[in-house]
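# Remarks on the overall topology
Read off the chains here:
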Amino acid sequence: MASLFYYLEYEMIKTAVVGATGYSGLELIRILLTHPQVKLTVITSRSQPGIAISEIFPALKNRTNLITESLIPAAIAEKADIVFTALPHGASMDVVNSLVEQNMKVIDLSADFRFRDQKVYTEWYGEHKAPLLLDKAVYGLPELNRAEIKSATLVGNPGCYPTSAILPLLPLLKEKVIDDKTVVINSASGVTGAGRSASTGNIFCEVNESFKPYKVGEHRHTPEIEEALKSSSGSEIKVTFTPHLAPMNRGILSTVTANLKEGMSTSKILNILKGFYEHEPFVRICPEGVYPDTSDVRGSNYCDIGVKVDERTGRVVIMSALDNLVKGAAGQAVQNMNLMSGLGEDAGLRHIPISI
Ligand SMILES: NC(=O)c1ccc[n+]([C@@H]2O[C@H](COP(=O)([O-])OP(=O)(O)OC[C@H]3O[C@@H](n4cnc5c(N)ncnc54)[C@H](OP(=O)(O)O)[C@@H]3O)[C@@H](O)[C@H]2O)c1
């Protein structure tokens, strides 16, 4: 029996979460603690080191004795094989650089390693302090880049809005059925999308009973969406992206419209999507007349997609729903870890959504 335990322990992949006190950090911990082939060995916090994580998040009581540690890359490398960095953009790049120098595999949840083109990063986010790593990093959208992710040592995990916009568009661009100059994306996100640090715009009275657009025409996820669409369609694409803040904790609902190149029925577009995503474990296509709902994916790694062709205007309307903290962040990061580690892609991610 002892040798069986030794064997199981030996086979476990050792993981670390940097930025464990944030929303994505907590979601990573929630998923990793129940992942059958993973052991979570290190969690770090800059502002609250040396505290039981179950004290910071009582939801974790009796599920882990892990204590937050200060962020020391060499110490993390001693105890873990793969590290998830869940820090704000700008703060991540130096940390990731040090972790890569320790020969660790890294999955970064910030925007710091999502762009191939350093100029684009600089234009939208500011100076990049580890530009040499940009060529090494793989954009971690499995439905787009599965083969590259499998052999990657550094993955730039996609943003939540981009995941919700790219997944519905990919098949239609690949099949060249839409005019790529006419893509308009309207998305609404729950408030956890803005992270856990307090800001006036995110307090209860500002968000409750309210629904509003923000960063219109200038949201930083715009170039990320455009770069991923360009890599799949081969041509330069500019999109109009309008995010909205919705009075809910989690979830993103995106409604994407584009002109069809020629008349097509809803069922024909649905068949394209079904064919494209037939073997994908986390993309579910809604039947005709059924549209995605954030409550049908909450707490899960699913992205649900529905379609309606507006025959009157010749436009297709494609809608997607996902949980910004799961398929939009921590779940997708674990999906990438599974691919990088040769595990089943859905290992530890088979959660049924919490629909009510
Ligand atoms: N929230 C989402 O839905 C979502 C979705 C996709 C991607 N992301 C991305 O994931 C990353 C984390 O997002 P989040 O929403 O989890 O943010 P968050 O709730 O604000 O948490 C950020 C974490 O980073 C630590 N931190 C903050 N500033 C730091 C610094 N200068 N140096 C080191 N650590 C610092 C924080 O606490 P300590 O000071 O205790 O370490 C905290 O643990 C961001 O880059 C975000 O854009 C978020």
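Note on numbering: residues in each chain are counted from 1, in written sequence order. At least 70 in pLDDT is required for a residue's local features to be given in this predicted model, at least 80 for side-chain atom pairs to be given and counted, and no such filter applies to totals for whole chains, interfaces and linings, which use all residues.

Once that is clear, we can look at helix α10 (residues 221-233). When the terminal C-alpha atoms of α10 are compared, their 18 Å separation across 13 residues agrees well with the 18 Å that a helix rising 1.5 Å per residue should span. With C-beta atoms placed from the backbone, the exposure class of a residue follows from how many other C-beta atoms lie within 10 Å of its own: 20 or more, buried; 12 or fewer, exposed; in between, partly exposed. Runs of H or I in DSSP of at least four residues are treated as helices and runs of E of at least two as strands, each being numbered from the N terminus. For α10, every residue scored as buried is listed here: His221, Thr222, Pro223, Glu224, Ile225, Ala228 and Leu229. Throughout, a residue-residue contact means that the two C-beta atoms, derived from backbone geometry, are no farther apart than 7 Å. Check the buried side of α10 and you find it contacts α6 (118-125), β6 (138-139), α7 (142-150), α8 (160-174) and β10 (240-245). A positive phi of about 85° marks Gly234, the residue just after α10. The length a helix should cover is 1.5 Å for every residue beyond the first.

On to the environment of Arg46. Counting through the fold element by element, Arg46 comes out in the loop between β2 (38-44) and α3 (53-56). Under the C-beta neighbour-count criterion, Arg46 is labelled partly exposed, with 14 such atoms within 10 Å. Each C-alpha atom, one on Arg46 and one on Val18, is 9.1 Å from the other, the two residues being 28 residues apart in sequence.

With that settled, the discussion passes to the sheet that holds β10. Pairing between two strands is assigned when DSSP locates at least 2 bridges connecting them. Taken together, the seven strands give an open sheet; going across it, the order is β9-β10-β8-β11-β14-β13-β12, and neighbouring strands pair in mixed fashion. The open sheet is flanked by β9 (212-213) and β12 (283-285), the only strands paired with a single partner.

Another aspect to go through is the confidence of the model for the chain. On a range of 0 to 100, pLDDT expresses the predictor's confidence in each residue. When pLDDT is averaged across the chain, the result is 96; 97% of the residues are at 70 or more. Between residues 1-7, whose pLDDT stays under 50, and residues either more than four places distant or in other chains, the model counts zero contacts.

Strand order in the open sheet formed by seven strands is β3-β2-β1-β4-β5-β7-β6, with parallel pairing between adjacent strands. The open sheet has two edge strands, β3 (68-69) and β6, and neither has a second partner. Taken together, the four bridges between strand β1 (residues 13-18) and strand β4 (residues 82-85) define a ladder with parallel strand orientation. Within the sheet, the bridge partner assigned to Ala16 lies in β4 and is Val83.

In the vicinity of the ligand lie 29 residues, with Gly22, Ser24, Ser110, Gly195 and Arg196 positioned nearest. Broken down by secondary-structure element, the contributors of at least two residues to the shell around the ligand are α2 (23-32) and α12 (326-340). At three residues, α2 tops the list of elements feeding residues into the shell around the ligand. Domain start and end points were adopted from an automatic or database domain assignment. Both domain 1 (2-136) and domain 2 (160-324) contribute no fewer than three residues apiece to the shell around the ligand. Whether a residue is near a molecule or strand depends on its C-beta atom, placed from the backbone, lying within 6 Å of it.

Note on definitions: angles span 0 to 180 degrees between N-to-C directions of axes, and those axes are lines fitted to C-alpha atoms, for helices only across the stretch in contact. The geometry of α7 relative to α12 is characterised by a closest axis approach of 9 Å and an angle of 35° between their N-to-C directions. Of the two elements, α7 crosses α12, and the hand of that crossing is right-handed. Touching Pro142, Arg146, Ile149 and Lys150 of α7 are Gln335, Asn336, Leu339 and Met340, all from α12. When the residues that make up the contact of α7 with α12 are grouped by side-chain class, the tally is four nonpolar, two polar and two charged. Helix crossings fall into two classes, left-handed where the near helix is turned counterclockwise from the far one by less than a right angle and right-handed where it is turned clockwise. Classification used: nonpolar for Ala, Val, Leu, Ile, Met, Phe, Trp, Tyr, Cys and Pro, charged for Asp, Glu, Lys and Arg, polar for all others including Gly.

With that settled, the discussion passes to unusual backbone geometry. Positive phi outside glycine occurs at Asn103, with the angle close to 65°. If you trace the backbone, Asn103 turns up in the loop between α5 (92-101) and β5 (105-108). Phi at Lys176 is positive, roughly 55°, even though this residue is not glycine. Looking at the secondary structure, you find Lys176 in the loop between α8 and β8 (184-189). The class for Lys176 is exposed, based on 12 C-beta atoms found within 10 Å.

The next point concerns the domain arrangement of the chain. For the chain, the assigned domains read domain 1 (2-136) and domain 2 (160-324). Residue-level contacts link nine residues of domain 1 with seven residues of domain 2.

With their axes 10 Å apart at the nearest point, α8 and α10 run at an angle of 25° to one another. On the basis of the axis angle, α8 is roughly parallel to α10. Here the hand of the crossing between α8 and α10 comes out right-handed. Taking contact as the criterion, the partners of Tyr161, Pro162, Ala165, Ile166, Leu169, Leu170, Leu173 and Lys174 in α8 are, on α10, His221, Glu224, Ile225, Ala228, Leu229, Ser232 and Ser233. Taken together, the residues that form the contact of α8 with α10 break down as ten nonpolar, three polar and two charged. Geometric relationships in this document are graded by angle, where less than 35 degrees denotes roughly parallel, more than 145 denotes roughly antiparallel, 65 to 115 denotes roughly perpendicular, and other angles denote oblique.

The buried fraction of β2 amounts to five of the seven residues, a majority that puts the element mostly inside the structure. Pairing between β1 and β2: six bridges, direction parallel. Residue pairing across strands places Val17 opposite Ile43, the latter belonging to β2. We call a crossover right-handed when, viewed with the strands running away from us, the connection from the first strand over the helix to the second turns clockwise. This β-α-β element, β1 to α2 to β2, shows right-handed connectivity. In the sheet, β2 pairs with β3 via two bridges, with the strands oriented parallel. Looking at β3, one finds that Thr44 is bridged to Glu69.

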